[in-house]
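Descriptive analysis of the structure
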Amino acid sequence: MRPDVTVVRLGHRQQRDKRITSHLGLTARAMGANNFVLCGDEDQGVLDTLSDVTDNFGGDFSSEHHAKPMGFLRHFTKQGGRIVHLTMYGEPHDTVTSTIPTDGPIAVVVGGAKVPGEIYKLADYNIAIGHQPHSEVAALALFMSELMGGVAGPEQFPGARLEIQSHPSGKVVIDRDEDSESS
Ligand code: SAM
């Protein structure tokens, strides 16, 4: 069974981070996470984007805003969940990721604006995807691929209205509502 994963985005700034935070949520969903928690500025636009994509492309994915990320994470730990913080200062992903137990819920925390120091202590694992600064989207994608054993397949997106059929040279989309195929 695939792990139950919540991706927690810290320090979202509505004006500056709108696009990258949406990409982070979409990547979380596409890689098989179940939940997305947006911390920092409230931003209904990001939550609506994720909800629209889930309505169209299926699966069981929820997203919500939490004003107090530390409270959310402490509660998550108390409930028996494990916290993974992605940071370039952490331990190497290629030796640590395979040691993370996947029999309970996992929160994967990524930063935005300055990350509170307490996160490093609260986290069960501080994991680096290399020790160079890059993007939270890249870090999440690579970590999730290793944790989940690859990209989520179509069976993980039940109830999809739109289904993309792979094609070597064009776009083929099945629309279940209209029972039609467009290309
Ligand atoms: N400006 C922020 C700060 O001062 O902490 C960091 C910005 S960085 C673009 C945003 C997030 O991407 C980080 O908090 C971390 O979660 C993730 N990230 C960036 N590089 C990473 C790396 N090499 N390994 C793991 N995560 C990384």
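Scroll up to find the structure.
Just so you know, these numbers come straight off a predicted model, no measurement behind them.

Structural notes on the pairing of strand β3 (residues 62-66)
A regular strand places its side chains so that they alternate between the two faces of the sheet. When strand β2 (residues 35-40) meets β3, the two strands line up parallel, connected through 5 bridges. Bridge pairing in β3 links N35 to S62. Since β2 and β3 lie parallel, the crossover through helix α2 (residues 44-57) that links them has a hand, and here it is right-handed.

Some words on the nonpolar core
Formed by 29 residues in total, the largest nonpolar core has its most connected members in V5, L86, I127 and F143. Taken together, the elements giving at least two residues each to this core come down to β1 (5-12), α1 (14-30), β2, α2, β4 (82-92), β5 (106-110), β6 (125-128) and α6 (136-148). The leading source of residues in this core is α6, at 7 residues. If near-sequence neighbours (up to four positions away) are discounted, I127 is found in contact with V84, H85, L86, T87, G90, E91, H93, V96, T97, I100 and F143. Ranked by size, the runner-up nonpolar core spans 13 residues in total, among them V8, V37, L73 and A107.

Comments concerning the site of the ligand
In the region of the ligand, 17 residues are neighbours, and L86, G111, I129, G130 and Q132 sit closest. G130 places a main-chain nitrogen or oxygen 3.0 Å from a nitrogen atom of the ligand. In isolation the ligand exposes 570 Å². Once the protein is present, 73% of that is buried. Taken together, the elements giving at least two residues each to the shell around the ligand come down to β4, β6 and α6.

Focus: the pattern of salt bridges
Tallied over the full model, the rule gives 7 salt bridges. The partner of D103 in a salt bridge is R82, with the nearest N and O atoms 3.2 Å apart. With a gap of 21 residues between them, D103 in the loop between α4 (93-96) and β5 and R82 in strand β4 connect regions that are remote in the sequence. In this structure R82 comes out as partly exposed when scored by relative accessible area, which is 23%. With a closest N to O distance of 2.9 Å, R161 and D175 form a salt bridge. On the criterion of sequence distance, the pair formed by R161 in the loop between α6 and β7 (162-165) and D175 in strand β8 (residues 172-175) is long-range, its members being 14 residues apart.

Quick notes on α6
If you check α6, its first and last C-alpha atoms are 17 Å apart, about what 13 residues at 1.5 Å a residue would give, namely 18 Å. Listed as buried for α6 are E136, V137, A139, L140, F143, M144, L147 and M148. Down the axis of α6, the buried set is contained in an arc of 155°. They therefore lie on one face. For α6, the elements touching its buried residues are β1, α1, β4, β5 and β6. Two or three places before V137, at the opening of α6, S135 has a side-chain oxygen 2.9 Å from that residue's backbone nitrogen. One or two residues past the end of α6 sits G149, with phi positive at roughly 75°.

Reading the values: the criteria
Residues numbered from 1 in each chain as written. Predicted model: local features only at pLDDT ≥ 70, side-chain atom pairs only at ≥ 80, totals over all residues. Heavy atoms only, no water. Pairing = 2+ DSSP bridges. Helix = DSSP H or I, 4+ residues; strand = E, 2+ residues; numbered from the N terminus. Right-handed = clockwise from strand over helix to strand, strands pointing away. Core = buried A, V, L, I, M, F, W, Y, C linked by side-chain atoms within 4.5 Å. Buried < 20%, exposed > 50% of the residue type's maximum accessible area, 1.4 Å probe, protein only. Contact = heavy atoms within 4.5 Å. Near = heavy atom within 4 Å. Polar contact = N/O pair within 3.5 Å; in protein donor to acceptor, adjacent residues only side chain to side chain. Areas by Shrake-Rupley, 256 points an atom, 1.4 Å probe, with all protein chains shown as cover. Salt bridge = Lys/Arg side-chain N within 4 Å of Asp/Glu carboxyl O. Expected span 1.5 Å × (residues − 1). Arc of directions from axis to C-beta.

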